[in-house]
Amino acid sequence: AKKIVRDTAGTSLELRLGGSLARPSAMISAPGQCDVATCAGAFWVTLEGLGQVALLRVLKPIDAPVGDGLPKLRIMATYDVGGAPGDMAASSDGKSLYMTDRQYAELIILDPASRGVERVELQVLGGPIAIGGRGEHAFVFVGRPLLRDVLVFQRTPLDGTLTRLDGNSRVLPTPRSTPPKRIVR
């Protein structure tokens, strides 16, 4: 069910996503997924409880008398990726969406155009994820909180191969067990 709420700050749009099992857990902007003529913005939402990710768009308001003059929030597509998709990042061209699986120790890679899903083993559950660089220097960084490290992958632009470059616990320092010094004034 959709609900439009008007308050002093403007208009808020609400949209239920997949019922009580959906558990939306992460949301990011969706580069390259919005036609500027009709779309005011697009974003991805993980539906952790359904093993899905959804593409939502805020459609520009249609002027009266044809429309009500309010923006519309629409689910444009849902993609079955399995597991429990959590943290995510999108490539700068919008052609790939990367998610960590909160159920299985895997990195999920979605190609929205083909609806293809690829999975890469992480050994332990992944956490935060980020994309850096472009072209032949495009990297995917996946945090593994239990090991206090970050895995680094490189995406080959020619064939799309994802190669693991580094991943060891020496990337991030081990927290010290001594408490911080207290300053007395």
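Placed above this text is the structure.
An account of the accompanying structure is given in this report.

**Some points on the sheet that holds strand 3 (residues 24–29)**
One open sheet accounts for 4 strands, arranged 3-4-5-6; its pairing is antiparallel. Whereas interior strands pair on both sides, the edge strands pair on one side only; in this sheet they are strand 3 and strand 6 (72–80). The average angle at which neighbouring strand axes cross in this sheet is 25 degrees, direction not considered. Here strand 5 (residues 52–59) runs beside strand 6; their pairing, made up of 8 bridges, is antiparallel. When the sheet's bridge partners are listed, Leu-56 is paired in strand 6 with Ile-75.

**Digging into the state of the cysteines**
Following the criterion strictly, the structure yields 1 disulfide and no others. Paired through a disulfide, Cys-34 and Cys-39 show a sulfur-sulfur distance of 1.9 Å. Taking the sign of the S-S torsion, -115 degrees for the link of Cys-34 and Cys-39, the bridge is left-handed. When its relative accessible area of 27% is taken as the criterion, Cys-34 is described as partly exposed. Look at Cys-39 and you get buried, because its relative accessible area is 5%.

**A closer look at the pattern of salt bridges**
Scanning the entire structure with this criterion turns up 6 salt bridges. One salt bridge in this structure joins Arg-102 and Glu-48, with 3.1 Å as the shortest N-O distance. Remark: Glu-48 occurs in the loop between strand 4 (39–47) and strand 5 and Arg-102 occurs in the loop between strand 8 (97–101) and strand 9 (106–111); sequence separation between them is 54 residues. Asp-87 serves as the salt-bridge partner of Arg-102, at 3.4 Å between the closest nitrogen and oxygen. Of this pair, Arg-102 sits in the loop between strand 8 and strand 9 while Asp-87 is found in strand 7 (residues 85–90), placing the two residues 15 residues apart along the sequence. For Arg-102, a relative accessible area of 35% corresponds to the partly exposed category. What you see here is one network of salt bridges that share partners, running through Arg-23, Glu-48, Asp-87 and Arg-102.

**Comments concerning the packing of aromatic side chains**
Scanning the model with the defined rule gives 2 aromatic pairs in all. With 6.3 Å between their ring centres and 40 degrees between their planes, Phe-139 and Phe-141 make a pair best called tilted. When its relative accessible area of 23% is taken as the criterion, Phe-139 is described as partly exposed.

**Examining the nonpolar core**
Membership of the largest hydrophobic core comes to 16 residues, with the highest contact counts inside it found for Trp-44, Val-53, Tyr-79, Met-88, Leu-97, Met-99 and Leu-110. Mapped by element, the contributors of at least two residues to this core are strand 4, strand 5, strand 6, strand 7, strand 8 and strand 9. Sort the elements by how many residues they give to this core and strand 4 lands first, with 3 residues. In terms of nonpolar packing, the next biggest core, distinct from the first, is built from 12 residues, Leu-107, Ile-129, Val-142 and Leu-151 among them.

Conventions adopted
- Residues numbered from 1 in each chain as written.
- Predicted model: local features only at pLDDT ≥ 70, side-chain atom pairs only at ≥ 80, totals over all residues.
- Heavy atoms only, no water.
- Pairing = 2+ DSSP bridges.
- Helix = DSSP H or I, 4+ residues; strand = E, 2+ residues; numbered from the N terminus.
- Axes fitted to C-alpha atoms, helices over the stretch in contact; angles between N-to-C directions.
- Disulfide = S-S within 2.5 Å.
- Buried < 20%, exposed > 50% of the residue type's maximum accessible area, 1.4 Å probe, protein only.
- Salt bridge = Lys/Arg side-chain N within 4 Å of Asp/Glu carboxyl O.
- Phe/Tyr/Trp six-rings, centres within 6.5 Å; stacked < 30°, edge-to-face > 60°.
- Core = buried A, V, L, I, M, F, W, Y, C linked by side-chain atoms within 4.5 Å.

Interpretation in functional terms is not warranted from these geometric data alone.
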